[in-house]
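A closer look at the structure
Listed here are the chains, written in short residue letters.
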Amino acid sequence: MYRFLMSRQWVILTLIALLLIPTMIRLGIWQMHRYEERTARNQLVTDALAAEPVPVERLTAPGHTVTSAERYRTVTAKGRFDTEDEVVVRRRTNSDDEVGYHVLTPFVLNDGKVLLVNRGWIPSDGPSQTTFPKVPAPPGGEITVKGRLMPDETTAASGIKNLQGLPDRQIMLINSEQQARRLDARVLGGYIAQIAPEPQGDTPELMGNPGKEDAALNYAYAIQWWLFAAAVPVGWTVLARREARDRAQKAAEAAGTAQAEPASV
């Protein structure tokens, strides 16, 4: 009754099913790994935001690479803003996905070291992208700033090309090593996204809290792939039984028709 399984059509169908099962299992395992990675990153963000603020020089120094455990940690620094060496970072968006600039202002600490401060987002409302935009001034004199510590931006990590030949005082990436060469100063590794003091008139627009990745979605995808893998042999069995039943029914009908025909004289 199941001899049809040796036909070319069913051999191909069976091979496809045998390939689909391990492939779907592997996809489910990959999604589960993604779930675990995103859950771990979300926990790092939660822990960093919950930690007490510390002086910035406890976590970073000139030439230091900000680690995953240090990212988003709230830090404080006392000094003054240096607006003469201020630059803007091109092609950055705000919470409404409007394209503009981030304002990057050197903050000179009391010991002479420099901390890069991303003061937030401003619109690109100039006559052209080659014109330096109008940037609201930061507080003058000695102040204390608070922000979230961030690692240096790189093309490999961000996907942003570090274009050359940009207009004066415009950059593509926030990178402490590059800024140290430009400023000829001891620049602390990484930078901070300012959260205090809040700017007058709400501009520049401060960076929002870091979002958490949707780890639950990867978990759901993993379960989905494994259910698909389990459904393949079930579907194959249902199809095979249906084919066998249809063939048996046709054979029975053919036999009945043959018996009903009158014998020839």
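Before reading on, note that the structure itself is shown above.
The numbering scheme is per chain: residues are counted from 1 as the chain's sequence reads. Owing to the predicted nature of the model, reporting of local features is limited to residues with pLDDT of at least 70; listing and counting of side-chain atom pairs is limited to 80 or more, with chain, interface and lining totals taken over all residues. Excluding hydrogens and water, the side-chain figures rest on all heavy atoms present in the structure.

1. Some points on the pattern of salt bridges
Oppositely charged side chains are able to pair whenever their charged atoms sit close together. Any carboxyl oxygen of Asp or Glu that lies within 4 Å of a side-chain nitrogen of Lys or Arg is treated as forming a salt bridge with it. Summed over all chains, the structure comprises five salt bridges. One salt bridge connects Glu 153 with Arg 92, and the closest N-O pair in it is separated by 2.8 Å. Within this pair, whereas Glu 153 is found in the loop between strand E6 (143–150) and helix H2 (155–158), its partner Arg 92 is found in strand E3 (residues 87–93), the two being separated by 61 residues in sequence. In this structure, Glu 153 and Arg 92 share a single accessibility class: buried. Asp 111 is the salt-bridge partner of Lys 113, the closest N and O atoms lying 3.0 Å from each other. You can call Lys 113 buried: its relative accessible area is 16%. Classification of Asp 111 as partly exposed rests on a relative accessible area of 36%. In DSSP terms, a helix is any run of H or I states spanning at least four residues, a strand is any run of E spanning at least two, and both are numbered starting from the N terminus. Relative accessibility decides the category of a residue: with a 1.4 Å probe and only protein chains considered, values under 20% of the type maximum give buried, values over 50% give exposed, and everything between is partly exposed.

2. Thoughts on helix H3 (residues 176–183)
Ser 176, Gln 179 and Leu 183 are the residues of H3 that are buried. Axial view of H3: buried residues confined to an arc of 60°, hence all on one face. When the buried face of H3 is taken as reference, the exposed residues oriented beyond 90 degrees from it are Glu 177 and Arg 181. The contact criterion used is simple: two residues touch if any of their non-hydrogen atoms lie within 4.5 Å. Elements that come into contact with the buried residues of H3 comprise E3, strand E4 (99–109), strand E5 (114–123) and strand E7 (170–171). By definition, the arc is the one covered by directions from the helix axis to the C-beta atoms.

3. Considering the packing of aromatic side chains
Centres within 6.5 Å make a pair out of two Phe, Tyr or Trp rings, where for Trp the six-membered ring is used; the pair is then stacked when the planes are under 30 degrees apart, edge-to-face when over 60, and tilted otherwise. Scanning all chains against the criterion turns up four aromatic pairs. Ring centres of Trp 225 and Phe 228 lie 5.8 Å apart, and the angle between their planes is 85°; on these two criteria the pair is classed as edge-to-face. With Trp 225 and Phe 228 both in helix H4 (residues 215–260) and three residues apart, the pair spans about one turn of that helix. A residue is classified by how much of its surface remains accessible, and Phe 228, at 40% relative accessible area, is partly exposed. Cation placement over rings: the criterion is NZ of Lys or CZ of Arg within 6 Å of the ring centroid and within 35° of the ring normal. If you follow Arg 119 out to its NZ or CZ, it ends over the ring of Phe 81, 5.9 Å from the centre. Sitting over the face of the ring of Phe 132, Arg 169 holds its NZ or CZ atom 4.0 Å from the ring centroid.

4. Section: the nonpolar core
What is meant by a nonpolar core is a set of buried Ala, Val, Leu, Ile, Met, Phe, Trp, Tyr and Cys residues, joined one to another through side-chain atoms within 4.5 Å. Counting residues in each nonpolar core, the largest one holds 16 residues, and the members touching the most others are Phe 107 and Leu 115. Elements represented by at least two residues in this core include exactly strand E2 (74–81), E4, E5 and E6. Excluding residues within four positions of it along the chain, Leu 115 makes contact with Val 56, Ala 77, Thr 105, Pro 106, Phe 107, Leu 109, Leu 188 and Ile 192.

5. Regarding unusual backbone geometry
Here the residue pair Ala 196 and Pro 197 is connected by a cis peptide bond, since its omega of 0° sits within 30 degrees of zero. With respect to the element layout, Pro 197 can be found in the loop between strand E8 (191–196) and H4. Cis geometry marks the peptide bond from Thr 203 to Pro 204, where omega comes out at 0°. Note that Pro 204 resides in the loop between E8 and H4. Phi at Asp 97 takes a positive value of approximately 65°, unusual for a residue other than glycine. Tracing the chain through its elements places Asp 97 in the loop between E3 and E4. A relative accessible area of 62% places Asp 97 in the exposed class. The residue Asp 202 is not glycine, and still its phi comes out positive at about 60°. Tracing the sequence through the fold places Asp 202 in the loop between E8 and H4.

6. A closer look at the side chain of Gln 179
With respect to the helices and strands, the residue Gln 179 is situated in helix H3. In contact with Gln 179, other than residues within four places in its own chain, are Val 87, Leu 104, Leu 116, Ile 171 and Val 187.

7. Brief notes about a nonpolar patch on the surface
Residues enter patches when their relative accessible area tops 30% and they take part in no salt bridge; the joining distance is 9 Å for like charges and 5 Å for the nonpolar side chains Val, Leu, Ile, Met, Phe, Trp and Tyr. Exposure was quantified through the Shrake-Rupley algorithm and a 1.4 Å probe, taking into account, for residues, occlusion by the shown protein chains and nothing else. Residues Ile 25, Ile 29, Tyr 219, Ile 223, Trp 226 and Leu 227 make up a contiguous nonpolar surface patch of about 520 Å² in total accessible area. For the nonpolar patch, the elements supplying multiple residues, two or more each, are helix H1 (8–50) and H4. Here the element with the most residues in the nonpolar patch is H4; it accounts for four residues. Residue class for Leu 227 comes out exposed when judged on its relative accessible area of 56%.

8. Considerations on empty space enclosed by the protein
Put plainly, a pocket is an open set of points on a 1 Å grid over the protein atoms alone with protein on both sides within 12 Å along at least five of seven lines, a cavity is a set where a 1.4 Å probe fits but cannot get out, and a lining residue has an atom within 4 Å of a point. Grid points are joined across faces, edges and corners, and a volume is the space filled by probe spheres set on the points. Applying the stated criterion across every chain, the model contains one cavity of 30 Å³ or more. Roughly 50 Å³ of volume is contained in the largest cavity. Taken together, Arg 90, Arg 91, Val 99, Gly 100, Tyr 101, Ser 124 and Gln 129 form the lining of the largest cavity. Listing elements by their share of the lining of the largest cavity, those giving two or more residues are E3 and E4. The element contributing the most residues to the lining of the largest cavity is E4, with three residues. All residues other than Ala, Val, Leu, Ile, Met, Phe, Trp, Tyr, Cys, Pro, Asp, Glu, Lys and Arg, Gly among them, are scored as polar; the first ten of these are nonpolar and the last four charged. Tallied by class, residues from the lining of the largest cavity come to two nonpolar, three polar and two charged.

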